[in-house]
Amino acid sequence: MVTRFARDHAAGLDRWCVALSGGADSLALTAVAATAVPTTALIVDHGLQADSSAVAATARDQALALGCVDAQVLRVTVGTEGGPEAAARSVRYRALDDARAGAPVLLAHTLDDQAETVLLGLGRGSGARSIAGMRPHDPPWWRPLLGVRRERTHRACAELGLAPWQDPHNADRRFTRVRLRTEVLPVLEDALGGGVAEALARTAAALREDTDALDAMAARILDTIGEGGLAVGVLTPLPGAVRRRVIRGWLLAGGAVGLTDTQIRAVDALVTAWRGQGGVAVPGATPRTRLFAGRRDDMLLLYREPV
């Protein structure tokens, strides 16, 4: 599958990176990736366990033995914002992005990871964008194993004589994904007669197609608007799914970050349920200020207030 992915996406590419944890998924991916394109392994040492340095060193040795042209250990400090899972993920992606030197990065997310992501989106009520899951090709991140079950990567490592690292966090029930993996998905598989993970992955793929089409419609509308305010008269006739995407794009262009579906719908209410209400606070990237979306006459406007 990685070879086919390289053929489809890596034409003319002289190198790529692979994010290697030392676990079975990323180890199997590294073994195949190194035979397809000159590969640099990027090993993030989160420092969350006493033996993390030794685990990273072993992964580096394995990468070089598998034919990687380089293997780098990236040591990071994990904060606390958003909880342990989110904090580790955030610092990991930043480290990979800083180290990739312009090359794409292969991530070893499998079909099982995709199914868990869809369930997380459903549970959080995050909307179609979240339930659509992870993209196979989302530059600079590439996920060639999204159609592969986790058990297959374990078999591949056994066949290659590789000894994957067993991350103790993968059995720690404090983490939501672990509970989904070990408790929720097995119950669903039993109750629905199997094939649940594959069905969830197919659902994600179908939703991505719909989301991409609606996003493209919204982008064309935004291109005609230009900078500044957003005319209510332009928004009112649009279907809700398109209108909220236009609003989201406008907010992001104006400096908003990390928008939730609830915040976008609150701004949408300035168009659809206007009663003279005040502005809607949205998260912004500018320190010591708060970003608001408000309505003045027939225009939506962004403004900032000091904290």
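Residues numbered from 1 in each chain as written. Predicted model: local features only at pLDDT ≥ 70, side-chain atom pairs only at ≥ 80, totals over all residues. Heavy atoms only, no water.

Caption draft 1: Summary view of the overall build of the chain. Within the chain one finds twelve helices and ten strands. Principal axes of the C-alpha set define a box for the chain whose edges measure 70 × 45 × 40 Å. A fraction of 64% describes how many contacts in the chain between residues 6 or more apart in sequence connect residues 24 or more apart. (Helix = DSSP H or I, 4+ residues; strand = E, 2+ residues; numbered from the N terminus. Contact = heavy atoms within 4.5 Å.)

Caption draft 2: Spatial organisation of the packing of helix α5 (residues 111–124) against helix α9 (residues 196–225). Where α5 meets α9, the closest approach of the two axes is 8 Å, and the angle between their N-to-C directions is 70°. Comparing the axis directions of α5 and α9 gives the class roughly perpendicular. Helix-helix and strand crossings are classified by hand; for α5 and α9 the assignment is left-handed. Packed against α5, whose contacting residues are L111, Q114, A115, V118 and L119, the element α9 presents A197, E198, L200, A201, A204 and R208 at the interface. Grouping the constituent residues of the contact of α5 with α9 by class yields eight nonpolar, one polar and two charged. (Axes fitted to C-alpha atoms, helices over the stretch in contact; angles between N-to-C directions. Parallel < 35°, antiparallel > 145°, perpendicular 65-115°, else oblique. Left-handed = near helix turned anticlockwise from the far one by under 90°. Nonpolar A, V, L, I, M, F, W, Y, C, P; charged D, E, K, R; others polar.)

Caption draft 3: A look at the sheet that holds strand β6 (residues 141–142). If you walk across this open sheet you meet the six strands as β3-β2-β1-β4-β6-β5, and the pairing is mixed. Here the strands that pair on one side only, and so sit at the sheet edges, are β3 (70–75) and β5 (137–138). Summarising the sheet, strand β1 (residues 16–19) and strand β4 (residues 105–106) pair through two bridges and their orientation is parallel. Its bridge partner being in β4, V18 is matched across the sheet by L106. Taken strand by strand, helix α2 (residues 24–36) contacts β1, β2 (39–45) and β4, and its axis lies near 165° from that of β1. (Pairing = 2+ DSSP bridges.)

Caption draft 4: Region of the structure containing the pattern of salt bridges. One pass over the structure, following the stated rule, counts 17 salt bridges. One salt bridge in this structure joins R181 and E116, with 2.9 Å as the shortest N-O distance. Of this pair, R181 sits in helix α8 (residues 176–192) while E116 sits in helix α5; the two residues are 65 residues apart in sequence, bridging distant segments of the chain. Overall, the relative accessible area of 22% leaves R181 in the partly exposed class. The exposure class assigned to E116 is buried, which follows from its relative accessible area of 0%. In this structure, R295 engages D298 in a salt bridge whose closest nitrogen and oxygen atoms are separated by 3.4 Å. (Salt bridge = Lys/Arg side-chain N within 4 Å of Asp/Glu carboxyl O. Buried < 20%, exposed > 50% of the residue type's maximum accessible area, 1.4 Å probe, protein only.)

Caption draft 5: Fine view of the domain arrangement of the chain. According to the domain assignment, the chain consists of domain 1 (1–192) and domain 2 (225–306). With centres defined by C-alpha atoms, the gap from domain 1 to domain 2 works out at 35 Å. (Domains from an automatic or database assignment.)

Caption draft 6: Up close: the packing of aromatic side chains. Tallying each qualifying case throughout the model produces three aromatic pairs. Ring plane angle 85° and centroid distance 4.9 Å describe the contact between Y93 and W141, whose orientation is recorded as edge-to-face. Here Y93, found in helix α4 (residues 84–99), pairs with W141, found in strand β6; they are 48 residues apart in sequence, far enough to count as distant. A residue is classified by how much of its surface remains accessible, and W141, at 12% relative accessible area, is buried. Centroid distance F292 to Y303: 5.4 Å. Interplanar angle 10°. Geometry classified as stacked. Here Y303 lies in strand β10 (residues 299–306) and F292 lies in strand β9 (residues 289–296), a separation of eleven residues in the sequence. For Y303, a relative accessible area of 32% puts it in the partly exposed group. (Phe/Tyr/Trp six-rings, centres within 6.5 Å; stacked < 30°, edge-to-face > 60°.)

Caption draft 7: Main features of the UniProt feature "binding site: ATP" (unreviewed entry) in the chain. Taking the numbering used here, the UniProt-annotated feature "binding site: ATP" (unreviewed entry) corresponds to S21, G22, G23, A24, D25 and S26. Looking at the element boundaries, S21 is found in the loop between β1 and α2. Excluding its chain neighbours within four sequence positions, the residues that come into contact with S21 are S26, V55, A59 and W165. Separated by 3.0 Å, the side chain of S21 and the backbone nitrogen of G23 make a polar contact. Mapping G22 onto the fold places it in the loop between β1 and α2. For G22, a relative accessible area of 2% gives the class buried. Filtering out sequence-adjacent residues up to four positions away, G22 remains in contact with L27, A59, P164 and W165. (UniProt positions renumbered as here; feature names shortened; annotations may be inferred. Polar contact = N/O pair within 3.5 Å; in protein donor to acceptor, adjacent residues only side chain to side chain.)

Caption draft 8: Focus on a positive patch on the surface. A cluster of basic residues, R4, R7, R152 and R155, forms a positive patch at the surface. Those elements giving two or more residues to the positive patch turn out to be α1 (2–9) and α7 (150–160). (Patch = residues over 30% accessible without salt bridge, like charges linked within 9 Å, V, L, I, M, F, W, Y side chains within 5 Å. Areas by Shrake-Rupley, 256 points an atom, 1.4 Å probe, with all protein chains shown as cover. Lys, Arg positive; Asp, Glu negative; His and termini not counted. Charge placed at Lys NZ, Arg CZ, Asp CG, Glu CD.)

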